[in-house]
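Breakdown of the fold
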Amino acid sequence: MKLSIVATLYQSAPYIGEFYARASDAASQLVGGDYEIVFVNDGSADNSLDLAIRLTEQDSHVVVVDLSRNFGHHKAMMTGLAYAKAERIFLIDSDLEEEPEWLGVFAQKMDLQICDVVYGVQERRKGGLFERWSGQWFYRSFNVLTGLALPENIVTARLMTRRYVNALLSHEEREVFMAGLWHITGFDQCPQVIKKHNTSETTYTFRRKMSLLVNSVTSFSNAPLVSIFYIGVLISLFALTYIAYLVTHWLFLAKPLSGWTSVMASIWLLGGMVISFIGVVGIYLSKIFSETKQRPYTIVRQIYAKQPD
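Just so it is clear, the structure is predicted and the values come from calculations on it, not from any experiment. (Residues numbered from 1 in each chain as written. Predicted model: local features only at pLDDT ≥ 70, side-chain atom pairs only at ≥ 80, totals over all residues. Heavy atoms only, no water.)

**So, the overall build of the protein**
In plain terms, the rule: By the criteria applied, helices consist of DSSP H or I runs no shorter than four residues and strands consist of E runs no shorter than two, each listed in order from the N terminus. Only protein chains enter the accessibility calculation, which uses a 1.4 Å probe. A residue is then buried if its area is under 20% of the maximum for its type, exposed if over 50%, and partly exposed in between.
Assigned secondary structure in the protein consists of ten helices and eight strands. Each of the 309 residues in the protein was classed as buried or not, and the buried ones make up 43%.

And the structure:
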């Protein structure tokens with residue numbers, strides 16, 4: 001098979017019909033009939049699954065992977081890639097903010113550049129001022145804290161070769177952050193500037209972005225743990241300097257120092273830092289706990305596909 005189009009479904013009922021039609025047309029123009037469309041239902045509460053199942057009854061190109069519950073966007077994408085069978089895999093969101101017609105442009109660039117991945121980058125981040133600022137802040141914070149150089153304003157849409165997807169799927173961690181995995185998998189990756197549409201309100205709230213940032217940084221870097229060590233060294237040096245000052249003051253001035261306010265402030269400051277440091281260590285321990293159990297990051301309830309005649 002030449003082409004797999006992979007898309008996740010979550011509250012996607014208003015878009016699935018048009019997405020299917022446009023994706024099918026784009027695939028037919030590129031590879032004729034040698035393609036499949038893999039929908040991954042990520043525990044969607046609306047009737048997205050029912051609509052997708054109807055498509056499998058009408059079209060043998062459509063496959064639906066129904067997950068047992070909602071596992072999250074990133075894990076659902078990895079599951080869809082695991083079920084894709086073709087030589088090239090086009091990953092894209094189904095909410096029509098990303099155009100299925102980009103497939104032709106991406107394929108042309110892949111052939112010209114001879115690369116393994118062509119990924120979309122927004123010319124200008126969509127959304128309001130807060131959404132644009134928080135997205136920019138997220139990527140810059142991630143890059144600073146991990147030392148990785150993730151491109152800003154990337155989107156889900158990307159065309160990938162079979163060997164790249166196989167390498168991507170070799171990552172077996174339970175905590176999945178796709179942008180980081182895309183980057184560290186390597187191979188030749190080429191950006192394609194696109195314009196993402198704004199068809200619905202983003203589900204990535206500031207709180208969710210903060211949670212994703214903590215999860216992604218602790219999954220890809222030990223920088224928070226290293227920073228705890230260096231902060232501890234600085235505090236120790238400061239404490240030694242202050243002790244030397246107190247001893248000198250006692251030896252030569254013989255005058256008691258007033259300083260209950262500074263003592264209490266120091267206790268509160270150090271107490272807060274100790275608690276936060278324990279929290280950072282706790283996050284890493286929880287990840288070790290999660291990884292050692294080796295639970296599957298998704299569970300498939302059923303696969304729907306039209307049986308060949």
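**A word on the packing of aromatic side chains**
Heads up, the condition is: To pair, rings of Phe, Tyr and Trp, with the six-membered ring standing in for Trp, must have centres within 6.5 Å; the planes then decide the type, stacked if under 30 degrees apart, edge-to-face if over 60, and tilted in the middle. The criterion is that NZ of a Lys, or CZ of an Arg, lies within 6 Å of the ring centre and within 35 degrees of the ring normal, and then a charge sits over that ring.
According to the stated counting rule, one finds four aromatic pairs in the structure shown. Where Trp 102 meets Phe 106, the ring centres are 6.3 Å apart and the plane angle is 20 degrees; that geometry is what we call stacked. You can see Trp 102 and its partner Phe 106 sitting in helix H4 (residues 102–113), four residues apart, about one turn around the helix. Relative accessible area serves as the criterion here: at 0%, Phe 106 is assigned to the buried category. By the ring-pair criterion, three or more aromatic residues cluster together here, those being Phe 90, Trp 102 and Phe 106. The ring of Phe 71 carries Arg 69 above its face, with NZ or CZ at 4.0 Å from the centroid.

**Regarding the pairing of strand S3 (residues 62–67)**
What counts here: Strand pairing is defined by DSSP finding a minimum of two bridges between the two strands. When the strands point away from the viewer, a crossover counts as right-handed if the route from the first strand across the helix to the second turns clockwise.
Within S3, six of the six residues are buried, which leaves it mostly tucked inside the rest of the structure. Taken together, the five bridges between strand S2 (residues 35–41) and S3 define a ladder with parallel strand orientation. Looking across to S3, one finds that Val 38 is bridged to Val 63. For the crossover from S2 across helix H2 (residues 48–58) to S3, the handedness is right-handed. Pairing geometry for S3 and strand S8 (residues 300–305), over five bridges, is antiparallel. Note on S8: the bridge partner recorded for Leu 67 is Val 300.

**Considering the nonpolar core**
Across soluble globular proteins, nonpolar side chains show a tendency to be buried alongside one another. Where we set the bar: Only buried Ala, Val, Leu, Ile, Met, Phe, Trp, Tyr and Cys residues count toward a nonpolar core, and they belong to the same one when joined by side-chain atoms within 4.5 Å. By definition, residues are in contact when any of their heavy atoms lie within 4.5 Å.
Core analysis: the biggest nonpolar cluster contains 36 residues, and Leu 3, Ile 5, Phe 39 and Phe 90 have the highest contact counts within it. Contributions of two or more residues to this core are made by strand S1 (3–9), helix H1 (13–31), S2, H2, S3, H4, strand S6 (154–161) and strand S7 (189–194). Among the elements that take part in this core, H1 stands out by supplying eight residues, more than any other. Non-local contacts of Ile 5, meaning those with residues more than four positions away in its chain, are made with Phe 19, Ala 23, Ala 27, Glu 36, Ile 37, Val 38, Phe 90, Ile 92 and Leu 103.

**Observations regarding unusual backbone geometry**
Phi is positive for Leu 96, close to 70 degrees, though the residue is something other than glycine. Position of Leu 96 relative to the elements: it lies in the loop between strand S4 (88–91) and H4. The phi dihedral of Phe 187 falls on the positive side, at around 70 degrees, and the residue is not glycine. Tracing the backbone shows Phe 187 in the loop between helix H7 (178–185) and S7. A relative accessible area of 35% means that Phe 187 is categorised as partly exposed.

**Let's talk about helix H3 (residues 73–83)**
Here H3 lies mainly inside the structure; nine of its eleven residues are buried. Buried residues of H3: His 73, His 74, Lys 75, Ala 76, Met 77, Met 78, Thr 79, Gly 80 and Leu 81, and no others.

**Thoughts on the packing of H1 against H2**
Axes are the key here: two packed helices are described by the angle between their axes and the distance separating the axes. Counted only if it meets this: All axes are obtained by fitting lines to C-alpha atoms, using only the stretch in contact for helices, and the reported angles, taken between N-to-C directions, cover 0 to 180 degrees. The cut-offs work like this: below 35 degrees is roughly parallel, past 145 is roughly antiparallel, 65 to 115 is roughly perpendicular, and the gaps in between are oblique. If you view the pair so one helix is near and one far, a crossing is left-handed when the near helix is turned anticlockwise from the far one by less than a right angle, and right-handed when it is turned clockwise. Charged residues are taken to be Asp, Glu, Lys and Arg, nonpolar residues to be Ala, Val, Leu, Ile, Met, Phe, Trp, Tyr, Cys and Pro, and polar residues to be all remaining types, Gly included.
Where H1 meets H2, the axes come as close as 9 Å, and the angle between the chain directions of the two elements is 20 degrees. Looking at the two axes, H1 sits roughly parallel to H2. H1 and H2 meet at a crossing whose hand is right-handed. Packed against H1, whose contacting residues are Ala 13, Ile 16 and Tyr 20, the element H2 presents Ser 48, Leu 51, Ala 52 and Leu 55 at the interface. Among the residues making up the contact of H1 with H2, the classes are represented as six nonpolar, one polar and no charged.

**Some details on the sheet that holds S1**
Sheet architecture is open: eight strands sit in the order S7-S5-S6-S4-S1-S2-S3-S8, paired in mixed fashion. Since the sheet does not close on itself, it has two edges, and those belong to S7 and S8, each with one partner. Averaged over all pairs of adjacent strands, the angle between strand axes in this sheet comes to 20 degrees, irrespective of strand direction. Direction of pairing for S1 relative to S2: parallel, over a ladder of seven bridges. Paired with Leu 3 across the two strands is Tyr 35, which belongs to S2. Across the face of the sheet, H2 comes into contact with S1, S2, S3 and S8 while running at roughly 150 degrees to S3. Each of S4, S6 and S7 touches H7; the most contacted strand, S6, lies at about 40 degrees to it.

**Structural notes on a nonpolar patch on the surface**
Where we set the bar: Patch criteria: residues need more than 30% relative accessible area and no salt bridge. Like-charged residues are merged within 9 Å; nonpolar side chains of Val, Leu, Ile, Met, Phe, Trp and Tyr are merged within 5 Å. All accessible-area figures derive from a Shrake-Rupley calculation using a 1.4 Å probe, and residue coverage is judged against the displayed protein chains alone. Salt-bridge detection follows one rule: a side-chain nitrogen of Lys or Arg within 4 Å of a carboxyl oxygen of Asp or Glu.
A cluster of nonpolar side chains, contributed by Val 226, Phe 229, Tyr 230, Val 233, Leu 234 and Leu 237, occupies part of the molecular surface with about 590 Å² of accessible area. With respect to the secondary-structure elements, Val 226 resides in helix H9 (residues 223–252).

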